[in-house]
Amino acid sequence: MNKLKWWFRIVGGFYLLLGVPNVYFSLFNPQALSATYGTITDELAIRVIADTNLIVGLGMAVLGVMMFIAAREPGRAIFFGLAIAMLELFQWVPYNVVALLHRTLFSSVEIPFLILHLIFGITGIAFLRQTKAE
């Protein structure tokens, strides 16, 4: 159960580290945020990127906080942990693969994120199985 507790803390921290800056840049500096997608100058495209990243950032920040709460009693948060592991494997991994294939983001950013999301998803499932067995 100790592994699952630390998994919640590490993945929750990662979500907060991604979510909070997304919210900040979406609200206060959307041009800098859109620069990560290349040379986009169209104001509507910048606004769409900022609005989309705002929603994603808020969701990640909320899930990050919830993971820290779940880390208090990881045995009671098994279903939540499974949901996060499934999001990692079936939302974020495909997103990273599509972004790599479409070259919408820089591969120097996407490849490490792809690896991290795979690690988080696989280790989450493994730690959940160990916790169920205890």
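Definitions and limits used
- Residues numbered from 1 in each chain as written.
- Predicted model: local features only at pLDDT ≥ 70, side-chain atom pairs only at ≥ 80, totals over all residues.
- Heavy atoms only, no water.
- Helix = DSSP H or I, 4+ residues; strand = E, 2+ residues; numbered from the N terminus.
- Expected span 1.5 Å × (residues − 1).
- Buried < 20%, exposed > 50% of the residue type's maximum accessible area, 1.4 Å probe, protein only.
- Contact = heavy atoms within 4.5 Å.
- Salt bridge = Lys/Arg side-chain N within 4 Å of Asp/Glu carboxyl O.

A.B. asks: Before we move on, could you go through the environment of arginine 129 and cite the residues and values that matter?
C.D. replies: Structurally, the position occupied by arginine 129 is in helix H5 (residues 107-133). Along the backbone, arginine 129 and isoleucine 115 are 14 residues apart, and their C-alpha atoms lie at a distance of 21 Å.

A.B. asks: If you had to explain helix H3 (residues 43-70) to someone new, which residues and values would you point to?
C.D. replies: With 28 residues, H3 should cover 40 Å at 1.5 Å per step; its first-to-last C-alpha distance of 40 Å lies within 8% of that length. If you check which residues of H3 are buried, you get Ile46, Ile49, Ala50, Asn53, Leu54, Gly57, Met60, Ala61, Gly64, Met67 and Ala70. If you follow the buried residues of H3, they end up packed against helix H1 (2-28), helix H2 (30-35) and helix H4 (78-102).

A.B. asks: Give a description of the side chain of glutamate 110 that names residues and reports values.
C.D. replies: With respect to the element layout, glutamate 110 can be found in helix H5. Glutamate 110 gets classed as buried once you look at its relative accessible area, which sits at 1%. If sequence neighbours within four positions are ignored, glutamate 110 has contacts with Tyr95, Asn96, Ala99, Leu100 and Leu105.

A.B. asks: Provide a residue-level description of the pattern of salt bridges, including the pertinent values.
C.D. replies: Under the criterion given, the structure shown has two salt bridges. Between aspartate 51 and arginine 47 there is a salt bridge, with its nearest N and O atoms 3.2 Å apart. You can see aspartate 51 and its partner arginine 47 sitting in helix H3, four residues apart, about one turn around the helix. Taking relative accessible area as the criterion, arginine 47 reaches 37% and is therefore assigned partly exposed.

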